Amino acid sequence: MLENIPSKIKIVEVGPRDGLQNEKKILTTDQKFQFIMGLIDSGITSIEVSSFVRAPKIPQLVDAPELFKMLNEAKIDRRKIKFSALVPNLKGLEVAKGANVDEIAVFTATSDEFNKKNINASVDESLGRILPVCKEAINCGIKVRGYISTAFGCPYGGDSSTETLLKLCDQLVKIGVSEISVGDTIGMASPLIVKKHIRNLKKHFDLKTIAMHFHDTNNMALVNVMAALDEGITIFDSSAGGLGGCPYAKGASGNVATEQLVFFFEQIGIKTGVNLTKLKIVAESVKSILSA
Ligand code: MG
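About the criteria used
Residues numbered from 1 in each chain as written. Predicted model: local features only at pLDDT ≥ 70, side-chain atom pairs only at ≥ 80, totals over all residues. Heavy atoms only, no water. Buried < 20%, exposed > 50% of the residue type's maximum accessible area, 1.4 Å probe, protein only. Helix = DSSP H or I, 4+ residues; strand = E, 2+ residues; numbered from the N terminus. Pairing = 2+ DSSP bridges. Patch = residues over 30% accessible without salt bridge, like charges linked within 9 Å, V, L, I, M, F, W, Y side chains within 5 Å. Areas by Shrake-Rupley, 256 points an atom, 1.4 Å probe, with all protein chains shown as cover. Salt bridge = Lys/Arg side-chain N within 4 Å of Asp/Glu carboxyl O. Lys, Arg positive; Asp, Glu negative; His and termini not counted. Charge placed at Lys NZ, Arg CZ, Asp CG, Glu CD. Axes fitted to C-alpha atoms, helices over the stretch in contact; angles between N-to-C directions. Phe/Tyr/Trp six-rings, centres within 6.5 Å; stacked < 30°, edge-to-face > 60°. Donors = N, O, S within 2.8 Å, 3.2 Å for Na, K, Ca; no water. Polar contact = N/O pair within 3.5 Å; in protein donor to acceptor, adjacent residues only side chain to side chain. Contact = heavy atoms within 4.5 Å.

### Quick look at the pairing of strand E2 (residues 46-51)
Burial within E2 is extensive, with six of its six residues counted as buried. Across two bridges, strand E1 (residues 10-13) lies against E2 in parallel orientation. Across the sheet, the residue bridging to Glu13 is Ile47, located in E2. When E2 meets strand E3 (residues 82-86), the two strands line up parallel, connected through five bridges. Its bridge partner being in E3, Ser51 is matched across the sheet by Leu86.

The following block contains the structure:
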């Protein structure tokens, strides 16, 4: 393993959205702003900032417009730093446009069971909802990232086969999604399934458009990252401090921690451009606010 170490990788920091959304305690808008500015100062360049969902649905992220306003007023080099937000519908997209996002993210899963519980829609219905959002975003010059949950296992027993994943990736690409994040929602992935999925994906897609979103629920995230690197993946999602927990397994880890990912990459000779000392301070500070 590790015969194909890339010279460059991209880390997508999902802590402020995917992380904070799954934490009980709600940060103030200023605390979120400081968190994001700290991430930028440590060298992180792609950040999923928040979500433009209906207010009562995710109380942790209702301040997305205010947070973006603060970020837009701050001195940030937006040629280098890219901000994204999760957008479920056209209404959310309108607000996202006003917030000057570089990219939006849309959401589906391989499993009908998971999608129904999560967004009350089958996989096909979710694609029907995503389609107009994608069209309009692309018309406005905003890139679209597509999340695929349950690609390595579903908490409700739904489909996570390679065939279903391939079909879904194909459908997302056809409606204009330019980067697909393949998610291990409950931390079920292992190197063999990771390699199997990616070997099939790369027969059909440019791997530069595929990201891996691993969860560390069963302490397998870095082993899976290694397997994915070996198959040619160069985009990885992570969350500073491993924020987010696992909503399906109380007390277990969710998103792989960005500082672990950075440490691992640097140890095997991949430059990340991230200052690990600074990143650890940011992660510790947000964790201490959440546990206070
Ligand atoms: Mg996640």
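Having seen it, we continue.
### As for a negative patch on the surface
Residues Asp112, Glu113, Asp124, Glu125, Asp159 and Glu163 make up a contiguous surface patch of negative charge. Elements with a contribution of two residues or more to the negative patch: helix H5 (112-119) and helix H6 (123-139). Relative to the elements of secondary structure, Glu163 occurs in helix H7 (residues 162-174). Among the residues examined, Glu163 registers a relative accessible area of 55% and is labelled exposed.

### Remarks on the sheet that holds E1
A barrel is described by the order of its strands in space; here eight strands give the closed sequence E1-E2-E3-E4-E5-E6-E7-E8, paired in parallel fashion. Here the average twist between neighbouring strands, direction ignored, is 30°.

### Regarding the packing of aromatic side chains
Evaluated as defined, the whole model comprises six aromatic pairs. Taking 5.9 Å as the distance between ring centres and 45° as the angle between the ring planes, the aromatic pair formed by Phe152 and Phe214 counts as tilted. Of this pair, Phe152 sits in the loop between strand E5 (143-149) and H7 while Phe214 is found in the loop between strand E7 (210-213) and helix H9 (221-230), placing the two residues 62 residues apart along the sequence. As far as the burial class goes, Phe152 and Phe214 line up, both buried.

### Remarks on the coordination of the magnesium ion
Angles at a metal have ideal values that depend on geometry: 109.5 degrees with four tetrahedral donors, 90 or 180 degrees with six octahedral donors. At 2.1 to 2.2 Å from the magnesium ion lie its protein donor atoms, namely Asp18 (OD), His213 (NE2), His215 (NE2) and Asn255 (OD1). Taken in chain order, the donor set of the magnesium ion reads D-x194-H-x1-H-x39-N. Pair noted here: His213 is in strand E7 and Asn255 is in the loop between strand E8 (235-238) and helix H10 (258-267), with a separation of 42 residues, a long-range link. Accessibility classification places His213 together with Asn255 in one group, the buried group.

### Here we look at the side chain of Ser126
Mapping Ser126 onto the fold places it in helix H6. In this structure Ser126 comes out as buried when scored by relative accessible area, which is 1%. In terms of polar contacts, Ser126 uses its side chain to reach the side chain of Thr108, at 2.7 Å. If near-sequence neighbours (up to four positions away) are discounted, Ser126 is found in contact with Phe107, Thr108, Asn115, Ile119 and Ala121.

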